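One letter stands for each residue in the lines below.
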Amino acid sequence: DYTIYHTPRCSKSRQTLALLEQKGIAPNIILYLKTPPNAAALKQCLKALGINPRELLRTKEEAYKNLNLANPRLSDEALIQAMSNNPKLIERPIVLKQTAQQTLAVLGRPPENVLTLL
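As a starting point, this report considers the structure included with it. (Residues numbered from 1 in each chain as written. Predicted model: local features only at pLDDT ≥ 70, side-chain atom pairs only at ≥ 80, totals over all residues. Heavy atoms only, no water.)

### Here we look at the pattern of salt bridges
Item 1. According to the stated counting rule, one finds four salt bridges in the structure shown.
Item 2. Across the pair Glu 77 and Lys 43 runs a salt bridge whose closest N-O atoms are separated by 2.9 Å. One end of the pair, Glu 77, is in helix H5 (residues 76-85); the other, Lys 43, is in helix H2 (residues 39-49), and 34 residues separate them in sequence.
Item 3. Exposure remark for Lys 43: the relative accessible area of 35% places this residue in the partly exposed category.
Item 4. Its salt-bridge partner being Arg 58, residue Glu 61 comes within 3.4 Å of it at the nearest N-O pair.
Item 5. The structure contains a network of salt bridges with shared partners spanning Arg 58, Glu 61, Glu 91 and Arg 109. (Salt bridge = Lys/Arg side-chain N within 4 Å of Asp/Glu carboxyl O. Helix = DSSP H or I, 4+ residues; strand = E, 2+ residues; numbered from the N terminus. Buried < 20%, exposed > 50% of the residue type's maximum accessible area, 1.4 Å probe, protein only.)

Rendered as structure tokens:
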């Protein structure tokens, strides 16, 4: 069972989705800019990716600067909530693979990262 947090306007996201489809995988597609993940979903992604919230932030987005997210005193909870409220801040695409035992995940930057889940 595969899921991709996808935005069609992003070339890396489109390339990652195409790579999955070329391998015969039809993932569940979440258009996360239209349906932003809540804090619990983001925590699941972070855990599966094995990274902290700062590593999932897009630091060049205007909201990053406007919300002062570079402030090192901000908690993980505050960063997760900022991403949930402003999904453009989430690095993309995120691909999740659900197995019976666990959830695995990779960032599709570069798109070939997804091959490690197959």
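### Let's talk about the sheet that holds strand S3 (residues 94-98)
Item 1. The strand order across the open sheet built from four strands is S2-S1-S3-S4, with neighbouring strands paired in mixed fashion. The open sheet terminates on both sides in strands that have one partner only, identified here as strand S2 (28-31) and strand S4 (103-107). When the angles between neighbouring strand axes are averaged without regard to direction, this sheet yields 20°.
Item 2. Note that strand S1 (residues 2-6) and S3 share four bridges and pair antiparallel. (Pairing = 2+ DSSP bridges. Axes fitted to C-alpha atoms, helices over the stretch in contact; angles between N-to-C directions.)

### A short note on the pairing of S3
Within a regular strand, the side chains alternate between the two sheet faces.
Item 1. For S3, the tally of buried residues reaches four of five residues, placing the bulk of the element in the interior.
Item 2. Taken together, the five bridges between S3 and S4 define a ladder with antiparallel strand orientation. The partner of Gln 98 across the bridge, within S4, is Thr 103.
Item 3. Between S3 and S4, which pair antiparallel and follow one another directly, the connecting turn spans four residues.

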